[in-house]
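Per-entry structural report
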Amino acid sequence: MVDIPNIRFKEFTDDWEWRKLGKVFHSLQNNTFSRADLSTEQGVAKNIHYGDILVKFREILNIGKEHLPMITNESVVAKYKTSFLQNGDIVVADTAEDETVGKCSEIAGVGKETVIAGLHTIPYRPSTHFASGYLGYYMNSNAYHRQLLPLMQGIKVTSISKSAMQNTDIVYPKSQDEQAKIGLYFGNFDHLIILYQRKYDKLKEIKKCMLQKMFPQKNKRIPEIRFAGFTGDWELRKLGEIATFINGRAYSQPELLSEGKYKVLRVGNFYTNNSWYYSDLELEEKYYADYGDLLYTWSATFGPHIWLGDRVIYHYHIWKVELSDYLDKYFALQLFEKDKSDILLNKNGSTMIHITKEGMEDKKVIIPKDIREQCAIGQLLNHLDLLITLYRRKCDELKEVKKYMLQNMFPQKG
């Protein structure tokens, strides 16, 4: 086993210490209350449910800042008195539907509240003191979690036992200063991620609101919010009269090459730059998409896109949308986005969404008569889209850096 990590704060040089989990922690008692047994309003003790650990809580669970479900029966709570959680305790989710089994949260921010670990959890208390944050980040890192993979049992539902976890290995710096610095480092990372995520979520909400307010509501001809200088009713037009939806070319498998003159744009390529097919076929101009073209994917995922890549042949399941002089491209993008939102809102629980070329062309839409108003709306909402993309990418980048550092700031077993 390696005794030092790949990446380390330069002021620390001592070897790290390896110990069995069963020697580092002793387990506490958890309860078996289901969601139905808990209250979202009030109670005598806060309950940590395994499902919240898996999907909601981060490595450090600040009890004072999170809204937790409550246990209401005081007499039942009394039997868990010796297992009330304290700052520094670890609560492990021992059941999941995938390999996230073993995800855990380090407890922080406990004041006068009574907090108890709940259904399908294993609560642990360290037998020696650890600096705040270290265990939460270490035990969720791949350096530790990969030890749990061969210990997991089950097919549809996966679980891990307390006895199996006892023999896993825990590694930590002997210096609590080093532990503290690692915990603070990743805590700062999480703080940045949360800030960018909140900004992203806020911008998404603003965009959703603007789509509702800057387009007329049903049976209306004037939007609720409008740029100064524009008056009068918007006009009702049949979409097929102001836009043409051109079907992409369907390929047989032998026509799709591993390399060639033109990339073949498929639906999946909007979301990943990998797995491209190519073609050497020379086709009619209508089958090519160039930088800035408005495209619409109508299978699997659906919705409008401005193509920002090199010249490609677009595949079946993609339309190229050619617009008349009555319709601004960026306004049309937002018009289609609003239509997509309406479709999702009204699909009534159906898992499949069916959009046809004829159905799109037959749609009746309300648009400003003045192309300048269309341009103003399109530019504003497109600017919001750019900001949303910027914050999403920054959030994703930070998550990738954090993932890399989690892999390299802890020694690996074996």
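Residues numbered from 1 in each chain as written. Predicted model: local features only at pLDDT ≥ 70, side-chain atom pairs only at ≥ 80, totals over all residues. Heavy atoms only, no water.

1. Brief notes about the overall build of the chain
- Scanning the chain from terminus to terminus reveals 11 helices and 22 strands.
- Dimensions of the chain along its principal axes, counting C-alpha atoms only, are 75 × 55 × 45 Å.
- Sorting the 414 residues of the chain into buried and exposed places 44% on the buried side.
- Taking contacts inside the chain between residues at least 6 apart in sequence as the whole, the part at least 24 apart equals 75%. (Helix = DSSP H or I, 4+ residues; strand = E, 2+ residues; numbered from the N terminus. Buried < 20%, exposed > 50% of the residue type's maximum accessible area, 1.4 Å probe, protein only. Contact = heavy atoms within 4.5 Å.)

2. Things to note about the packing of aromatic side chains
- Evaluated as defined, the whole model comprises 27 aromatic pairs.
- Arranged with centres 6.1 Å apart and planes meeting at 65°, the rings of Trp 234 and Phe 331 form a pair that is edge-to-face. On the criterion of sequence distance, the pair formed by Trp 234 in the loop between α7 (176-213) and β13 (235-238) and Phe 331 in helix α9 (residues 329-345) is long-range, its members being 97 residues apart.
- Residue Phe 331 is classed as buried on the basis of its relative accessible area of 0%.
- When the centroid spacing of 5.9 Å and the interplanar angle of 55° are considered together, the rings of Phe 245 and Phe 336 count as tilted. Remark: Phe 336 occurs in helix α9 and Phe 245 occurs in strand β14 (residues 243-247); sequence separation between them is 91 residues.
- The exposure class of Phe 336 is buried, given its relative accessible area of 2%.
- Through a chain of ring-to-ring contacts, three or more aromatic side chains come together here, namely Phe 9, Trp 16, Phe 130, Tyr 134, Tyr 137, Tyr 138, Tyr 144, Tyr 172, Tyr 185, Phe 186, Phe 189 and Phe 410.
- For the cation-ring pair, Arg 249 lies above Tyr 251, with the distance from its terminal atom to the ring centre recorded as 4.7 Å. (Phe/Tyr/Trp six-rings, centres within 6.5 Å; stacked < 30°, edge-to-face > 60°. Lys NZ or Arg CZ within 6 Å of the ring centre and 35° of its normal.)

3. Here we look at the sheet that holds strand β2 (residues 25-27)
- One open sheet holds the 5 strands; their spatial order is β2-β10-β6-β8-β4, and the pairing between them is mixed. The outermost strands of the open sheet, each flanked by one partner alone, are β2 and β4 (60-62). Across the sheet, the mean angle separating the axes of adjacent strands is 35° when strand polarity is ignored.
- Here strand β6 (residues 90-93) pairs with strand β8 (residues 104-108) via 3 bridges, running antiparallel. Bridged to Val 91 within β8 is Ser 105. (Pairing = 2+ DSSP bridges. Axes fitted to C-alpha atoms, helices over the stretch in contact; angles between N-to-C directions.)

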